[in-house]
Amino acid sequence: GVEGVVGGNFESGLIGTVSEGGAGTVNTWALNTVAPISGTQDGLFAITVSGTNPSYPRLGFDGGLELNKSYVLTFDYKVNSGTCFVGSINRGGGSSGVVSTTLSGSGTYTYYFVAQGNGLLSLNFNGRDYLFDTQFDNVSVKELGADWTIINSGTASTYFGENKVQLVTSGDYT
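Residues numbered from 1 in each chain as written. Predicted model: local features only at pLDDT ≥ 70, side-chain atom pairs only at ≥ 80, totals over all residues. Heavy atoms only, no water.

1. Observations concerning the sheet that holds strand β8 (residues 106-114)
Read across the sheet, five strands follow the order β2-β3-β10-β5-β8 without closing on themselves; strand pairing throughout is antiparallel. Both edges of this open sheet fall to β2 (26-32) and β8, since each of them pairs with a single strand only. Ignoring strand direction, the axes of neighbouring strands in this sheet form an average angle of 30 degrees. (Pairing = 2+ DSSP bridges. Helix = DSSP H or I, 4+ residues; strand = E, 2+ residues; numbered from the N terminus. Axes fitted to C-alpha atoms, helices over the stretch in contact; angles between N-to-C directions.)

Structure below.
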């Protein structure tokens, strides 16, 4: 699919926005050039002071979401200290999808979802119970199936693009 996040590798500068989840949490979102995950820089998100209940600072990205379309979010991360707990992910509006994921060490995170609106995709962190310092890089949101085409319509099976997805029906269809 087409990449929805512009500048997700942070090489052209800091992308994304932070919104306070309330209740006194102190956090920072900054461009990092010290031992970046890849390239010459990445984004560094830190919660340095815990808030009170509820406190869910949000790190949001414009992924070009469209209501009811399917997407995959991926990003690389490196936890430098603390416990980086992602409680939920807002999928462009409406209710957030509960993920209850603790990022640890370094790796790549992947999340499949259906957009609930056209707004920002945001990672909602627990800022009440956890302090952390975590780097993010190569943030990507791609629509699933955006470039698939029907190769053989009107038969019992249909094959899609290079992903070779096959839909089996009970016979011909229109």
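2. What about the packing of aromatic side chains?
Per the counting criterion, the structure on display carries 14 aromatic pairs. Ring plane angle 20 degrees and centroid distance 5.6 Å describe the contact between Y71 and F113, whose orientation is recorded as stacked. Of this pair, Y71 sits in strand β5 (residues 70-82) while F113 sits in strand β8, and the two are 42 residues apart along the sequence. As far as the burial class goes, Y71 and F113 line up, both buried. (Phe/Tyr/Trp six-rings, centres within 6.5 Å; stacked < 30°, edge-to-face > 60°. Buried < 20%, exposed > 50% of the residue type's maximum accessible area, 1.4 Å probe, protein only.)

3. Quick word on the pattern of salt bridges
Counting across every chain of the model gives three salt bridges. One salt bridge connects E66 with K69, and the closest N-O pair in it is separated by 3.2 Å. On the accessibility criterion, E66 (39% relative accessible area) is partly exposed. The class of K69 is partly exposed, set by a relative accessible area of 29%. (Salt bridge = Lys/Arg side-chain N within 4 Å of Asp/Glu carboxyl O.)

4. Regarding unusual backbone geometry
Positive phi is not limited to glycine here, since A35 has a value of about 50 degrees. Examined against the element boundaries, A35 turns out to sit in the loop between β2 and β3 (42-49). With a relative accessible area of 48%, A35 lands in the partly exposed category. Look at N68: it is not a glycine, yet its phi comes out positive at around 70 degrees. Judged by relative accessible area, which is 57%, N68 ranks as exposed.

5. Describing the environment of F45
In this fold, F45 is placed in strand β3. Judged by relative accessible area, F45 falls into the buried class, the value being 0%. Between the C-alpha atom of F45 and that of L31, which follows or precedes it by 14 residues, the distance is 9.0 Å. Once residues lying within four places of it in the same chain are set aside, the contact partners of F45 are V18, N27, T28, W29, P57, L59, F125, F132, D133, T134 and F136. (Contact = heavy atoms within 4.5 Å.)

6. Quick notes on the nonpolar core
One recurring pattern in soluble globular proteins is that nonpolar side chains are buried together. Membership of the largest hydrophobic core comes to 30 residues, with the highest contact counts inside it found for L73, F75, I89, L103, F125 and F136. Per element, the largest residue contribution to this core is five residues, and it comes from β5. Here F75 is in contact with L103, G107, T108, Y109, L123, F136, D137, N138 and V139, once residues within four sequence places are set aside. (Core = buried A, V, L, I, M, F, W, Y, C linked by side-chain atoms within 4.5 Å.)

7. Digging into the environment of A23
Within the secondary structure layout, A23 lies in the loop between β1 (17-19) and β2. Judged by relative accessible area, A23 falls into the partly exposed class, the value being 34%. Leave out the neighbours within four places in its chain, and A23 touches G51, T52, P54 and S55.

8. Describing the confidence of the model for the protein
Residue-level pLDDT values for the protein average 84, and 82% of them are 70 or greater. In this model, residues 156-164 is a region of pLDDT below 50 whose contacts with residues beyond four sequence positions or in other chains number 27 contacts. (pLDDT = per-residue confidence, 0-100.)

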